[in-house]
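Next come the chains, spelled out residue by residue.
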Amino acid sequence: MQEKFMGFKCRKCGRVMYPRHDRCLSCRGREFEEAELGKEAALVTYTKVYAIPEGIEMPPLVLGIVEFPGGVRAMGQLTTDDPKIGVKLRPVWGKLRKIGEKEVYGFKFEPVEKG
Ligand SMILES: [Zn+2]
């Protein structure tokens, strides 16, 4: 299974955003098409969340903000609890958490080079 981490490109002005917004942040346009963000992103900042919502395994939950080559930033869960700023990460599809009996899947960011 090959899941791609996609952004949303405004059809009017070309701005790429993630996540999807109702209206373009630049021109207020309403039409978007999917756009590939890239295979790797650099870690801009992160935070460790210790007061985690119920159903998330393995505390702490590490949330990071990453920047793709085109300058698009996205926030997501990291697979490492000791990330370094600037490290290259790649989006991987996997289980994020379990809420009751429901498993939630989505993208997490994993270091490209381990260790
Ligand atoms: Zn726009």
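Values in this document were obtained by computation on a predicted structure and should not be read as measured data.

Rules and cut-offs
Numbering of residues starts from 1 in every chain and runs along the sequence as written. At least 70 in pLDDT is required for a residue's local features to be given in this predicted model, at least 80 for side-chain atom pairs to be given and counted, and no such filter applies to totals for whole chains, interfaces and linings, which use all residues. We count a stretch as a helix when DSSP gives it H or I for four or more residues in a row; a strand needs E for two or more, and each element gets its number in order from the N terminus. To sort residues by burial, count the other C-beta atoms lying within 10 Å of each one's C-beta; a count of 20 or more means buried, 12 or fewer means exposed, and anything in between means partly exposed. C-beta atoms are built from the backbone. Think of it this way: build a C-beta for each residue from its backbone, and any pair within 7 Å is a contact. Paired strands, as defined in this entry, are two strands with at least two bridges between them according to DSSP.

Chemist: What should I look at first to understand the overall build of the chain in this one?
Modeler: Summing up its helical and strand segments, the chain has 0 helices and 8 strands in all. Written out in order from the N terminus, the α and β elements of the chain read β-β-β-β-β-β-β-β. Counting only residues that meet the buried cut, the chain has 18% of its 115 residues in that class.

Chemist: Would you mind showing me how to read the environment of Ala74 here?
Modeler: Within the element layout of this structure, Ala74 appears in strand β6 (residues 73–78). Taking the number of C-beta atoms within 10 Å as the measure of exposure, Ala74 has 20 and is therefore buried. Sequence separation between Ala74 and Tyr18 is 56 residues, and the spatial gap between their C-alpha atoms is 5.9 Å. Contacts of Ala74, omitting those with residues within four sequence positions, involve Tyr18 and Val66.

Chemist: Explain the pairing of strand β5 (residues 61–67) to me, please; I cannot follow it from the model alone.
Modeler: In the case of a regular strand, side chains alternate between the two sheet surfaces. Alternating residues of β5 divide into Val62, Gly64 and Val66, all buried, and Leu61, Leu63, Ile65 and Glu67, none buried. In terms of strand pairing, strand β4 (residues 41–49) meets β5 through 7 bridges, oriented antiparallel. Each residue of the ladder has a partner; that of Lys48, found in β5, is Val62. Examined bridge by bridge, β5 and β6 share 5 bridges and lie antiparallel to one another. Following the sheet pairing, Glu67 is matched in β6 by Arg73.

Chemist: Looking at this structure, how should I read unusual backbone geometry?
Modeler: When glycine is set aside, most residues are seen to have a negative phi, and most peptide bonds are trans. Residue Pro19 is bonded to the preceding Tyr18 through a cis peptide linkage, with omega at -5 degrees. Mapped onto the secondary structure, Pro19 falls in the loop between β2 (16–17) and β3 (32–36). For Arg28, which is not glycine, the phi torsion reads 70 degrees and is therefore positive. Turning to its location among the elements, Arg28 is positioned in the loop between β2 and β3. Residue classification places Arg28 among the exposed residues on the basis of 12 C-beta atoms within 10 Å.

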